[in-house]
Amino acid sequence: MTIDLTTHFTGLKFVNPFVLASAPPTESKRKIMKAFDAGWGGVVTKTIGLHPVENVAGPKTIYQRTGETKPYVSREKRPDTVSHSSWNWELISDQPLDQWLPDLKEIKTAYPDRMVIASIMAGAGNDEEMANWQKLARACVDVGCDALELNLSCPHMDRKDMGAHIANDEDIIRWVLKAVTDAVDVPIWVKLTPSSSSLVSGAAAAYAAGASSISLCNTFPSLPLMDPETLKFEVEVDGLVTSGGQAGLAILNQALERVSSISRAHPDQAISGIGGIKGFREAFNFIVHGAGNLQICTAAMEEKGSGGVGVKLIQELTGDLSDYLERKGYASIEDFRGIARARIVEHSQIRRKSEDYNGGYAESA
Ligand SMILES: Cc1cc2nc3c(=O)[nH]c(=O)nc-3n(C[C@H](O)[C@H](O)[C@H](O)COP(=O)(O)O)c2cc1C
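If you're wondering where the values come from, they're calculated on a predicted model, not measured in any experiment. (Residues numbered from 1 in each chain as written. Predicted model: local features only at pLDDT ≥ 70, side-chain atom pairs only at ≥ 80, totals over all residues.)

A. Representation of the site of the ligand. Contacts to the ligand come from 28 residues, most closely from Ala-21, Asn-88, Ala-247, Cys-297 and Thr-298. Counting residues per element, the ones that place at least two in the shell around the ligand are strand E7 (81–88) and helix H8 (298–302). Across the shell around the ligand, the residue classes break down as 12 nonpolar, 13 polar and three charged. (Near = placed C-beta within 6 Å. Helix = DSSP H or I, 4+ residues; strand = E, 2+ residues; numbered from the N terminus. Nonpolar A, V, L, I, M, F, W, Y, C, P; charged D, E, K, R; others polar.)

B. Structural view of helix H3 (residues 127–142). Counted at 1.5 Å a residue, the expected span for H3 with its 16 residues is 22 Å, and the 22 Å between its end C-alpha atoms agrees. Within H3, burial applies to Glu-129, Met-130, Asn-132, Trp-133, Leu-136, Ala-137, Ala-139 and Cys-140. Packing partners of the buried residues in H3 comprise strand E5 (48–49), helix H2 (97–110), strand E8 (115–121), strand E9 (147–152) and helix H4 (170–183). Positive phi shows up at Gly-144, right after H3, with a value of about 110°. (Expected span 1.5 Å × (residues − 1). Buried ≥ 20, exposed ≤ 12 C-beta atoms within 10 Å, placed from the backbone. Contact = placed C-beta atoms within 7 Å.)

C. Just the sheet that holds E7, in detail. Ordered by their spatial adjacency, four strands build an open sheet running E6-E7-E13-E12, and the pairing between neighbours is antiparallel. The sheet terminates laterally at strand E6 (61–67) and strand E12 (220–222), the two strands that pair on one side only. On average, each strand axis in the sheet is tilted by 40° relative to the strand beside it, whichever way the strands run. Bridge count between E6 and E7: seven bridges; the pairing is antiparallel. Residue pairing for E7: Arg-65 is matched across the bridge by Ser-83. (Pairing = 2+ DSSP bridges. Axes fitted to C-alpha atoms, helices over the stretch in contact; angles between N-to-C directions.)

D. View of unusual backbone geometry. Here Leu-216 and Cys-217 are connected by a cis peptide whose omega angle stands at 25°. Examined against the element boundaries, Cys-217 turns out to sit in the loop between strand E11 (213–216) and E12. Its identity is not glycine, yet Asp-238 carries a phi of approximately 55°, on the positive side. Tracing the chain through its elements places Asp-238 in the loop between E12 and strand E13 (244–247). The class for Asp-238 is exposed, based on 8 C-beta atoms found within 10 Å.

E. Structural view of the nonpolar core. If you look at the biggest cluster of nonpolar residues, it comprises 93 residues, and the most contacted ones within it are Leu-20, Ile-117, Ile-120 and Leu-148. With sequence-adjacent residues up to four places away left out, Leu-20 is seen in contact with Pro-25, Thr-26, Ala-35, Trp-40, Val-43, Val-44, Ile-296, Ala-300 and Val-309. (Core = buried A, V, L, I, M, F, W, Y, C linked by C-beta atoms within 7 Å.)

F. Structural detail: the environment of Lys-135. The residue Lys-135 is located in helix H3 in this model. Along the backbone, Lys-135 and Leu-50 are 85 residues apart, and their C-alpha atoms lie at a distance of 9.2 Å.

G. Representation of the environment of Gly-163. With respect to the helices, strands and loops of the structure, Gly-163 is situated in the loop between E9 and H4. Here Gly-163 falls in the buried class, since 25 other C-beta atoms lie within 10 Å of it. Contact partners of Gly-163, with chain neighbours within four places excluded, come to Met-121, Asn-151, Ser-153, Cys-154, Pro-155 and Met-157.

H. Molecular detail of the packing of H4 against helix H5 (residues 199–208). Relative orientation of the contacting elements H4 and H5 amounts to 25°, with a least axis distance of 9 Å. With respect to each other, H4 and H5 are oriented roughly parallel. Seen from above, H4 lies across H5 with right-handed handedness. Contacts between H4 and H5 pair Glu-170, Ile-173, Arg-174 and Leu-177 from the former with Ser-201, Gly-202, Ala-205 and Ala-206 from the latter. (Parallel < 35°, antiparallel > 145°, perpendicular 65-115°, else oblique. Left-handed = near helix turned anticlockwise from the far one by under 90°.)

I. Expanded view of helix H6 (residues 252–265). End to end, H6 covers 20 Å across 14 residues, agreeing with the expected 20 Å (1.5 Å per residue, within 8%). Of all the residues in H6, the buried ones are Leu-252, Ala-255, Leu-256, Arg-258, Val-259, Ser-260, Ile-262 and Ser-263. Lining the buried residues of H6 we find H5, E11, strand E14 (270–274) and helix H7 (280–288).

J. Broad picture of the environment of Asp-146. Tracing the backbone shows Asp-146 in the loop between H3 and E9. Overall, Asp-146 belongs to the buried group, with 21 C-beta atoms counted inside 10 Å. The spacing of Asp-146 and Ala-208 is 62 residues in sequence and 21 Å in space, taken between C-alpha atoms. Setting aside chain neighbours within four positions, we find Asp-146 in contact with Leu-12, Met-115, Val-116, Ile-117 and Val-186.

K. Main features of the packing of helix H1 (residues 29–38) against H2. At their nearest, the axes of H1 and H2 sit 10 Å apart, and the two run at 15° to each other. Put simply, H1 runs roughly parallel to H2. The handedness of the crossing between H1 and H2 is right-handed. Only Asp-103, Glu-106, Ile-107 and Ala-110 of H2 make contact with H1, whose side of the interface consists of Lys-29, Ile-32 and Met-33. Partitioned by chemical class, the residues of the contact of H1 with H2 number four nonpolar, no polar and three charged.

Shape descriptors only; they carry no functional weight alone.
Have a look at this one:
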């Protein structure tokens, strides 16, 4: 029996629910086309902006591994280690909008059944920046992009009016969404930062202002490790480093918690799950917490011989999902999406040995 993995998400039809996240795997026409040939259902492009971008004069991403014998985390090459996480301080795309537009048009023409979501980013706080959001949005939609993802989550911006800095400000979320929804008529996904203490209310503001979905998580703000012998950071330029973003398997549990919080507060709204997906089991976990779409970055980048787009990975993901649906008699991911929601409760609702625990309050309920 052939299992149909078609998934409808934010009004778009995906041949399967697996999408390459905004990052190096989606930074060029060549990579995106290779990804579609391999079978990915969609891509979110590397974030496109209008401001000047220049990356650090050194490696932009490292891959950290850990092992059983000496279970420390390091980018150091050692035998018998497994992937722990990626760490990066890469800025958004340094390819200008004018170069992206013909590429996006060609990609959409060549792969009409695959979803191309343009990730865009501008600043905030004045009309000029709102016009920049609109310019980016209109340009990408005019060349055929199926949806937009607003990057309100890049964790390494000096500019205080951009990226993760503005995801804590619900007024800015509303202004940006108003500008973009006034300009275009496609689904708008909003990518938020997991490091916000007001994530659930930020998501509420975004949904109320017209977001079709929240994408979560971007990378977690973090520092690379220092080697005790050399006293060098594992990635640095001239001995200096700055806060960057951690991704990959090490963020999985934290990402699930963030997705679950939003999904429980907004069970009828769409959410795209990102963070640490390496195979079907991780994807499954996002789906049971409510995600209707899965985005993947580090695992695709790490796959040797795939040009960093996860050729074997997408085959495994679709194969394992098909097997699971068939074995369980499910028609689609909708049959188990969100089933974990009702089982995430307050601490005091978890059974104790005695009957009278009252959540730490003196009086029994
Ligand atoms: C090197 C690198 C560059 C990234 N660039 C972007 C970006 O331009 N825009 C964006 O929204 N997210 C960016 N991300 C974040 C990813 O899209 C994704 O949210 C994150 O890596 C978590 O997914 P993962 O655990 O599958 O890697 C980047 C991640 C990495 C590792």
